[in-house]
Amino acid sequence: MKPLTEQEIRAAFVNCTKGEAKRLSVPRDLADRPWDDLDYLGWRDPQSPGRAYLVTETGGRARALALRRPSAGAVQMRRSMCTMCMTTHDGGVSLMVAAKAGKAGQQGNSVGAYICDDLACSLYVRGLKEAGPYARLHETLTVEERVERTVANLAAFFARVSA
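Residues numbered from 1 in each chain as written. Predicted model: local features only at pLDDT ≥ 70, side-chain atom pairs only at ≥ 80, totals over all residues. Heavy atoms only, no water.

### A short note on unusual backbone geometry
The condition is simple: Secondary structure elements are taken from DSSP: a helix is a run of H or I of four residues or more, a strand is a run of E of two residues or more, and numbering for both begins at the N terminus.
Even without a glycine there, the phi angle at Met 86 is positive, about 65°. Structurally, Met 86 is set in the loop between strand S4 (79-81) and strand S5 (88-90). The phi angle at Leu 119 is positive, at roughly 55°, despite the residue not being glycine.

Set out below in structure tokens:
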């Protein structure tokens, strides 16, 4: 993923208003992110624990989603699998819900997916971050194939939100 600026990130949101995008918290450490190892930029809002954000590149341009996630007390401590990267966690996966883009979102329609709580799918897939014992099921896929699968799953989620 190519490095993005705060302005590019704010302009990329497809499921919130420009005013909401202007007010949300963007990470201050953008220059320090491992951009070459990221398939998407994901972060949780430190000022609002129920909010998270995803930014990816689609068709040569940045696209971003605002997500809602359960509060810390609502997270269950059972083993779950992320639908983006297929990493399993003990209590480290949450249902994240995105309002649909456009009129459907204004009417309250949304799309959800179970995603790694820390939004570090790119690092898990590449083996740069460990999710604990038995987090990665044995697969015959190469790292490149796992990255492609994660990117495809992410693109499908963005498409469902944008549809």
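What follows picks up the thread again.
### Quick word on the nonpolar core
Which entries qualify depends on this criterion: For our purposes a nonpolar core is just a set of buried Ala, Val, Leu, Ile, Met, Phe, Trp, Tyr and Cys residues, chained together by side-chain atoms within 4.5 Å. Throughout, exposure labels follow a simple rule: accessible area from a 1.4 Å probe, protein chains only, divided by the maximum for the residue type, with under 20% read as buried, over 50% as exposed, and the rest as partly exposed. Whether two residues are in contact is decided by their heavy atoms, any of which lying within 4.5 Å being enough.
One finds Leu 54, Leu 67, Cys 82, Met 84, Ile 115, Cys 121 and Phe 157 to be the most contacted residues of the largest nonpolar core, which totals 26 residues. Contributing elements (two or more residues each) for this core: strand S2 (51-58), strand S3 (61-68), strand S6 (93-99), strand S7 (110-116), helix H4 (121-125) and helix H5 (143-162). For this core, the leading source of residues is H5, giving 5 residues. Among residues more than four places away in sequence, those in contact with Cys 82 are Thr 87, Val 93, Tyr 114, Ile 115, Cys 116 and Cys 121.

### Focus on H5
This is how the line gets drawn: The span you would expect from a helix comes to 1.5 Å times its residue count less one. Arc definition: directions from the helix axis to the C-beta atoms.
Between its terminal C-alpha atoms H5 stretches 28 Å, which fits the 28 Å expected from 20 residues at 1.5 Å a residue. For H5, the set of buried residues is Arg 146, Val 147, Thr 150, Leu 154, Phe 157, Phe 158 and Val 161. In an axial view of H5, the angular spread of the buried residues amounts to 115°, which keeps them on one side of the axis. Summarising the geometry of H5, the exposed residues directed more than 90 degrees from the buried face are Glu 144 and Glu 148. Buried residues belonging to H5 abut S2, S3, S6, S7 and H4.

### Overview of the sheet that holds S3
The strands making up a sheet are joined through hydrogen bonds of the backbone, oriented either antiparallel or parallel. Rule in force here: If DSSP finds at least two bridges between two strands, the strands pair. Every angle, taken between N-to-C directions, lies between 0 and 180 degrees, and every axis is a line fitted to C-alpha atoms, over only the stretch in contact when it is a helix.
The strand order S1-S2-S3-S6-S7 describes an open sheet built from 5 strands, whose pairing is antiparallel. On the outer flanks of this sheet lie strand S1 (41-44) and S7, each paired with one strand and no other. Averaged over all pairs of adjacent strands, the angle between their axes in this sheet comes to 30°, without regard to strand direction. Note that S6 and S7 share 7 bridges and pair antiparallel. Along S7, the bridge assignment pairs Val 97 with Gly 112.

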